[in-house]
Each structure stands twice: as C-alpha cells, then as structure tokens.
Amino acid sequence: MPDRKKPLVIVTRKLPDVIETRMMELFTPRLNLDDTPYTTLQLADAVSVADVLVPTVTDRIDAQIIAAAGPQLRLIASFGAGYDHIDLDAARARGILVTNTPGVLTDDTADMTMALILSVARRLAEGERLIRSGRWAGWGPTTMLGHRLGGKRLGIIGLGRIGQAVARRARGFGLAVHYHNRRRRHPEIEEELEATYWDSLDQMLSRMDIISVNCPHTPATYHLLSARRLALLQRHAILINTSRGEVVDEAALARMLVAGDLAGAGLDVYEHEPAVDPTLLGLDSVVLLPHMGSATIEGRIDMGERVIVNIKSFVDGHSPPDRVIDTTS
Ligand code: 8YV
C-alpha cells in the first residue's frame, strides 16, 4: 500500500448507511450517495486513483478497465458473491488481488429460489394480477389450478453453497433432490440431502419436474442450458434461475415457453440485464424478478462487512479471507 495513512477506497454504488459509516471511520472512502452507476469512463478514472475499488455486479471490470489502473490499485474488493464481471486474468497479470463476499447471501438466495418455485408452480403472480385487475369472479373448483410440489423431482444444477441450501429447503417441501455438478459431492452431503447425482446433465434434464440453476457463470457454464439442452426438458417442467442469466439461452427459453414446450419459468436474473427478452413479459407462465435474490437489508450489511474485513486485512498486511479462486484457469 502507498504510505498514505488511510487508503482511498472507491465504492461504485450506494451501500447500507452503517457500512458506509464504518468505511468513513476506517478508510478514505469515495462514496456514491445518489447511486448512479459508473460509466466506463468513470470506472477507468476510479481505478487510476483508487487504492482499493469496491465494485458490484453492475460494473464491468474488463481488461480495458484493469489496464487503466494506476500502480497504487492493489485490491478489488467486490460487493457480491459472483465475480463474472471481473477479468481475473487481467487482474492477476497486474498483481491486483480480487475478493468477493461468499456465504453471507446463501440463505437469502435459497429462500428466493424456493419463492420462485412456489410462485411458478402455484401461479402466485398470476393470481395476484387477477385480483388487481378487478376481474376476479370468485372461487371456482377448477380455476387457478397449479401443481403440488410434494412428490416432484427437483434437479439442481450446481450443488455449491446455494445449491445445498436450496436442497435443504426443498426437502421440507417434499421434493426429491437430484443434482448435477462438475464434481460429485462427498457421500456425507449426498446422504444428508438424500440427493441423487447425475453425471450426465442431459439425462437429468430429461427426467426432472423442476430445474434450478445454482451454478456460477464461467466460460464453461455460458449457455449451459442451450436450446438443445432446454429441448430435453419435459413439457410439464419448470425452470428456475437465481444464478446468472448467461447460463441459460434466454431467447431459446422464451421460444419454448411460447410454444408450450415448457410449462413455466421463474427468473431472477437475465442474460442482458437490465434488459429482459420482451417475449417473456407477455407470458403468464413466467414469474420475473429484478435480480433481488440476495436483496435483504441483513444480507447487504453482511456483504458490506465482508468487504470491510477483506480491505482491512489487506491494509493491515494480512491475506484477505475471501480471495477469489479463479476456477477457469
Ligand atoms: C448481488 C449476486 O446482489 O452476489 C451476487 O453474485 O448476484 C447478487 O445477489 C450482487 O452481486 C451485488 O453485487
């Protein structure tokens, strides 16, 4: 670190007050109180002077931005678990450390995954729209019928922290847990979750009632659910994505939903955020949320705390606990 006493920490978005206040005590932060996302130019300016950059998922820290970094930038302490918005190779080549905030948003994201499963299967958003439209004619024995969760099969793609938290919740709803993962999980985890492992994603897809995407977005998982793989799903199946939009071919998904080749989808993330495939907007069979899987005040404060711990340990000459391991190399 330069010998300036407190490091210049540039925070690209508005964080909870309590986090910003603590940063004021510990560092010399440059805050973004009106929360206007940085342009590429502003990001380049920021890295040219910051000792530490605190970006979020909405900031694209690509090779061009990293190239604009001044020699004083030694740490990118990202506010979020996913780090697909940061070019890790470029950062590593410049000797810039990258940290994230794992673990603290696991339960919130798993809760939201269950909420989407329930919303799609039991038509919650559609029912709510019906009430608000003023067109509800009253109860009927065969109106607004959805599907029972109990006894159905849930296929989880990516049984990491969040995937496992989804599995625990799903068991409480009587769902049978299946999963596909790059590496098979330890037998103890499989036993605890009563989870069935599928080495072949294709085979798992063709047998499940519900699919939940819980793997990170990496070059290897981009369009993992391609048009070909989506076509393997059963017509009555539903797809839930609370991970990253890029894992699913959104246009192909929209086409399948329109054609009735898939019963429904619950999406919290999109391929080209904040844009959403317009076809999806007109479909009653989909529930669409604005990337709010981890959006709880408690979660955001915990994320901010992790950012502070990472910066503080680095400034104090220690290894920050949440150094990102580049799984792509
Ligand atoms: C966060 C997320 O809100 O942490 C992640 O990876 O996708 C979100 O839930 C976002 O990343 C904050 O930067």
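The structure contained in this document is the topic of the report that follows.

Each value, and the rule that gives it
Residues numbered from 1 in each chain as written. Predicted model: local features only at pLDDT ≥ 70, side-chain atom pairs only at ≥ 80, totals over all residues. Heavy atoms only, no water. Pairing = 2+ DSSP bridges. Helix = DSSP H or I, 4+ residues; strand = E, 2+ residues; numbered from the N terminus. Axes fitted to C-alpha atoms, helices over the stretch in contact; angles between N-to-C directions. Contact = heavy atoms within 4.5 Å. Parallel < 35°, antiparallel > 145°, perpendicular 65-115°, else oblique. Left-handed = near helix turned anticlockwise from the far one by under 90°. Nonpolar A, V, L, I, M, F, W, Y, C, P; charged D, E, K, R; others polar. Patch = residues over 30% accessible without salt bridge, like charges linked within 9 Å, V, L, I, M, F, W, Y side chains within 5 Å. Areas by Shrake-Rupley, 256 points an atom, 1.4 Å probe, with all protein chains shown as cover. Salt bridge = Lys/Arg side-chain N within 4 Å of Asp/Glu carboxyl O. Near = heavy atom within 4 Å. Polar contact = N/O pair within 3.5 Å; in protein donor to acceptor, adjacent residues only side chain to side chain. Buried < 20%, exposed > 50% of the residue type's maximum accessible area, 1.4 Å probe, protein only. Right-handed = clockwise from strand over helix to strand, strands pointing away. Core = buried A, V, L, I, M, F, W, Y, C linked by side-chain atoms within 4.5 Å. Expected span 1.5 Å × (residues − 1).

1. What to know about the sheet that holds strand S2 (residues 28–30)
Part 1: Taken together, 5 strands build an open sheet; the order of strands is S2-S1-S3-S4-S5 and the sheet is parallel. Both edges of this open sheet fall to S2 and strand S5 (97–99), since each of them pairs with a single strand only. Looking at each pair of strands side by side, their axes are set apart by 20° on average, direction ignored.
Part 2: Against the sheet, helix H2 (residues 40–49) contacts strand S1 (8–11), S2 and strand S3 (52–54), and its axis sits at roughly 160° relative to S1.
Part 3: Relative to the sheet, helix H13 (residues 297–315) contacts S1, S3, strand S4 (75–77) and S5, its axis offset from that of S4 by approximately 160°.

2. Describing the packing of helix H1 (residues 17–26) against H13
Part 1: Contact pair H1 / H13: the axes reach a minimum separation of 9 Å and the direction vectors enclose 15°. Judged by the inter-axis angle, H1 sits roughly parallel to H13. When you trace H1 past H13, the crossing you get is right-handed. In this structure, H1 uses Val 18, Ile 19, Arg 22, Met 23 and Leu 26 to contact H13, whose residues at the interface are Ile 301, Gly 304, Glu 305, Val 307, Ile 308, Ile 311 and Lys 312.
Part 2: Its residues assigned to classes, the contact of H1 with H13 shows 8 nonpolar, 1 polar and 3 charged.

3. Regarding the sheet that holds strand S12 (residues 286–288)
Part 1: Spatial strand order, S8-S7-S6-S9-S10-S11-S12: 7 strands in an open sheet with parallel pairing. Bordering the open sheet on either side are strand S8 (196–197) and S12, each of which pairs with just one other strand.
Part 2: In the sheet, strand S10 (residues 238–241) pairs with strand S11 (residues 264–267) via 4 bridges, with the strands oriented parallel. For Leu 239, the partnering residue across the bridge sits in S11 and is Ala 265.

4. Focus: a nonpolar patch on the surface
Part 1: Taken together, the side chains of Ile 131, Trp 136 and Trp 139 present a nonpolar region at the surface, about 450 Å² in accessible area.
Part 2: Turning to its location among the elements, Trp 136 is positioned in the loop between helix H6 (124–133) and strand S6 (153–157).

5. Details of the site of the ligand
Part 1: As a structural note, the neighbourhood of the ligand is formed by Thr 56, Val 57, Phe 79, Gly 80, Ala 81, Gly 82, Leu 105, Arg 244, His 291, Ser 294 and Arg 300.
Part 2: Taking Gly 82, its main chain carries an N or O atom lying 2.7 Å from an oxygen atom of the ligand.
Part 3: Side-chain polar atom of Ser 294 to an oxygen atom of the ligand: 2.6 Å apart, as the coordinates give it.
Part 4: Burial of the ligand by the protein chains amounts to 89% of its free accessible area of 320 Å².

6. Remarks on the pairing of S11
Part 1: The two faces of S11 match: Gly 264 and Gly 266 on one face and Ala 265 and Leu 267 on the other face are all buried.
Part 2: Following the backbone out of S10, through helix H11 (residues 250–259) and into the adjacent parallel S11, one traces a crossover that is right-handed.
Part 3: In this sheet, S12 lies alongside S11 in parallel orientation, the contact comprising 3 bridges. Residue pairing in the sheet places Ala 265 in a bridge with Val 286 of S12.

7. Thoughts on the pattern of salt bridges
Part 1: Taken as a whole, this structure holds 19 salt bridges when the rule is applied.
Part 2: A salt bridge links Arg 169 to Asp 107, with the shortest nitrogen-to-oxygen separation between them at 3.2 Å. Of this pair, Arg 169 sits in helix H7 (residues 161–172) while Asp 107 sits in helix H5 (residues 106–121), and the two are 62 residues apart along the sequence.
Part 3: Judged by its relative accessible area of 21%, Arg 169 falls in the partly exposed class.
Part 4: The partner of Glu 190 in a salt bridge is Arg 184, and the shortest N-O contact between them spans 2.7 Å.
Part 5: Residue classification places Glu 190 among the buried residues on the basis of a relative accessible area of 11%.
Part 6: On the basis of relative accessible area, Arg 184 is assigned to the exposed category, the value being 54%.

8. A few points about the nonpolar core
Part 1: Ranked by internal contacts, the top residues of the largest apolar core, which has 29 residues, are Ile 157, Ile 211, Leu 225, Leu 230, Leu 239 and Leu 253.
Part 2: Elements that contribute at least two residues to this core include exactly helix H9 (201–205), strand S9 (210–213), H11 and S11.
Part 3: Sort the elements by how many residues they give to this core and H11 lands first, with 5 residues.
Part 4: Ignoring any residue separated from it by four or fewer positions in sequence, one finds Ile 211 in contact with Gly 155, Ile 157, Met 204, Leu 205, Leu 225, Leu 233, Ile 238, Leu 239 and Ile 240.
Part 5: The next biggest cluster of nonpolar side chains, apart from the first, holds 26 residues, and it includes Val 120, Leu 154, Val 166 and Val 177.

9. Comments concerning H13
Structural remark: α-helix, 3.6 residues per turn; residues separated by three or four positions point the same way.
Part 1: Between the first and last C-alpha of H13 there are 27 Å, a value that for 19 residues agrees with the 27 Å anticipated at 1.5 Å per step.
Part 2: By the burial criterion, the buried members of H13 are Gly 299, Met 303, Gly 304, Val 307, Ile 308, Asn 310, Ile 311, Ser 313 and Phe 314.
Part 3: Check the buried side of H13 and you find it contacts S1, H1, S3, S4, S5 and H5.
Part 4: Positive phi shows up at Gly 317, right after H13, with a value of about 90°.

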